[in-house]
Amino acid sequence: NDINILLDRCNNCGLCMKICSYGAVEFLNKKVIINNNCCKCGICIAACPCSAINFIRDKQPILSENETHKGIWVFCEQTYGKAKRVSYELLGEGRRLADILQVNLSAVIIGNNIGDEARKLIAYGADIVYKCEAEILENFNDEIYIDTLTNLIEIYKPEIVLFGATVYSRSIAPRIASRLNTGLTADCTKLEINSDNRVLLQTRPAFGGNLMATIICEKKRPQMATVRPMVMKALTPNYSRKGKIIAHTPIISEKLSTKVIKRVKHLSSIKNISDAEIIVAVGRGIGEAKNIKMIEDLAQLLGASVGASRAVVDAGWLEYDQQIGQTGKTVRPKIYFACGISGAIQHLAGMSSSEMIIAINKDSEAPIFKLSTYGIVGDIMQVIPALIEELKTRIA
Ligand code: FAD
C-alpha cells in the first residue's frame, strides 16, 4: 500500500478508522492497517493527531520497455441489463484507437442478466467482452464494481481503459486508478494516439473551458480516461461481427459497506435532453421566468426538449437537468435552437456538435452566430411568437 502507518507513533485512538469513508483502515492484531479499499485520499493522514500516517512516495516511476500491457478496454455501464448509450459511443472511439494501435478492443460489462447485451457490444465494435454476472449486481454497487474491475485489469493488463463520464463511472474510475497506481484524465472530449510512442493523448477543457489541455500518462499503465457522453460517435451495429465473450465471477467482498435496499425511479416532468433530436434552448435573453412558457410552447409544437444556458438555471427559471454546457449536459441533436443565448465557450462545449444550429439573438455580434447554421437577428419576444403562429398554421 502507498500509505504507511508509523506504529511507534500510533496510539490506537481509532480516529483514522472513523473518518475513512471507504472502510480502508482497520485493526488487525491490535495494530492499525490500511486495506485494499484505500483510495489514497489522505483524509486519515490529516486526521491523525500523532502524525503516525504518511504517504510512501512513488517507487517505480519509469515504465519498463518490456511493459506487457496491451489492448483497449471500454467499461460498458448498464442499467436494467441495457448498456448506456455512452458505452456504444466509447466502443466506436475505442475501435478507432484499437485499429491505430493494432490491438484488440475489449468491453467489460458488470450486472445481472446481461447476456444479450454482451453480444450487442460485439456488434458495436468489441472483439472481446468480459462479462461479470451476479444477482446482487441487479443494482450498481461501487465496491463490487471496483474490486472486480481492478482485478480484471490486473489479470489482463490493458494499456488503455475508457469510462463514460457518468455519475456511476465517475465514482469508480478514480478509485480504480488509485488502486492501480496510475493516472486518470476526467471528462475528455477528444482522444488520439501519439504514433511515435503509442501514448494516449487525452484532451479536455481546462481553466473554465478557456483552453483545451492535452494530458498524457507516459509512465504508468493502464492509461485511464473518462469521456463525456454524446461526444464520441457510436458505430452502426454489425450483428454479423464475431467476437469472444469471457465470463468472470465478480469479486463480492464479505464486508460490503453498502447494500441497495430499494431502487426508486426518478420521475421528472422534464423530457430528457441527452437523447433529444430537437432542442429549444433558452438563455438569459428571455428576460424573466414567466416568458419561458413561450419556449415550452414552441418546443411542444416541434416535439422538442427544452434546454437552458447556465444563466437561466442559476436564475432558478429551469432545472439543472436542462443545463447544457461544460458543467451541464453535452447534446448532439439534429436541430438546436439557441434563443437569447450569447454563445459563451462553456455553453458551446455542450452543443457545438449539433447538426443544425438556429440562433435567435438581438445582438448581431453575439458569438453564437459564428457557429450557427441559420441566424435570426431579432428580439425573441417577437420572433418566437411569430414562429409559433407560423408552425400552428402549417400543422393545422
Ligand atoms: P448571456 O451571456 O447574458 O447572453 C444573453 C444573450 O441574450 C445576449 O447575447 C443578448 O444579446 C441576448 N438577448 C438579450 N435579450 C434578448 C432578446 N429580447 N431577444 C434576443 N436576444 C436577446 N454556461 C452554460 O450555458 N453552460 C455551462 O455548462 C456553463 N458552465 C460554466 C462553467 C464555468 C467554469 C464557468 C466559468 C462558466 C460556465 N457557464 C456555463 C457560464 C457561461 O460562461 C455564460 O455565462 C453563460 O453561458 C451565459 O448564458 P446566456 O448566454 O444565457 O447569457
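Residues numbered from 1 in each chain as written. Predicted model: local features only at pLDDT ≥ 70, side-chain atom pairs only at ≥ 80, totals over all residues. Heavy atoms only, no water.

S.K.: Please explain the site of the ligand as it appears in this structure.
M.R.: In the region of the ligand, 25 residues are neighbours, and Arg-284, Ser-309, Thr-327, Ser-342 and Gln-346 sit closest. Contacts to the ligand include Arg-310, whose backbone N or O atom sits 2.9 Å from an oxygen atom. Backbone polar atom of Lys-362 to a nitrogen atom of the ligand: 3.1 Å apart, as the coordinates give it. In the complex, 77% of the free accessible area of the ligand, which totals 990 Å², lies under the protein chains. Going through the elements one at a time, α8 (310-314) and α9 (345-348) are the ones with two or more residues in the shell around the ligand. A breakdown of the residues in the shell around the ligand according to their chemical character gives 5 nonpolar, 15 polar and 5 charged. (Near = heavy atom within 4 Å. Polar contact = N/O pair within 3.5 Å; in protein donor to acceptor, adjacent residues only side chain to side chain. Areas by Shrake-Rupley, 256 points an atom, 1.4 Å probe, with all protein chains shown as cover. Helix = DSSP H or I, 4+ residues; strand = E, 2+ residues; numbered from the N terminus. Nonpolar A, V, L, I, M, F, W, Y, C, P; charged D, E, K, R; others polar.)

S.K.: Help me understand the packing of helix α5 (residues 142-156) against helix α6 (residues 167-179) in this model?
M.R.: Any two packed helices are characterised by how steeply their axes cross, that is the angle between the axes, and by the distance between the axes. Relative orientation of the contacting elements α5 and α6 amounts to 45 degrees, with a least axis distance of 10 Å. As summarised for this structure, α5 and α6 are arranged oblique, according to the angle between their axes. Crossing of α5 over α6 shows right-handed handedness. From α5, Asp-142, Tyr-145, Ile-146, Asp-147, Leu-149, Thr-150 and Ile-153 reach across to α6, where they touch Ile-172, Arg-175, Ile-176 and Arg-179. Tallied by class, the residues present in the contact of α5 with α6 amount to 6 nonpolar, 1 polar and 4 charged. (Axes fitted to C-alpha atoms, helices over the stretch in contact; angles between N-to-C directions. Parallel < 35°, antiparallel > 145°, perpendicular 65-115°, else oblique. Left-handed = near helix turned anticlockwise from the far one by under 90°. Contact = heavy atoms within 4.5 Å.)

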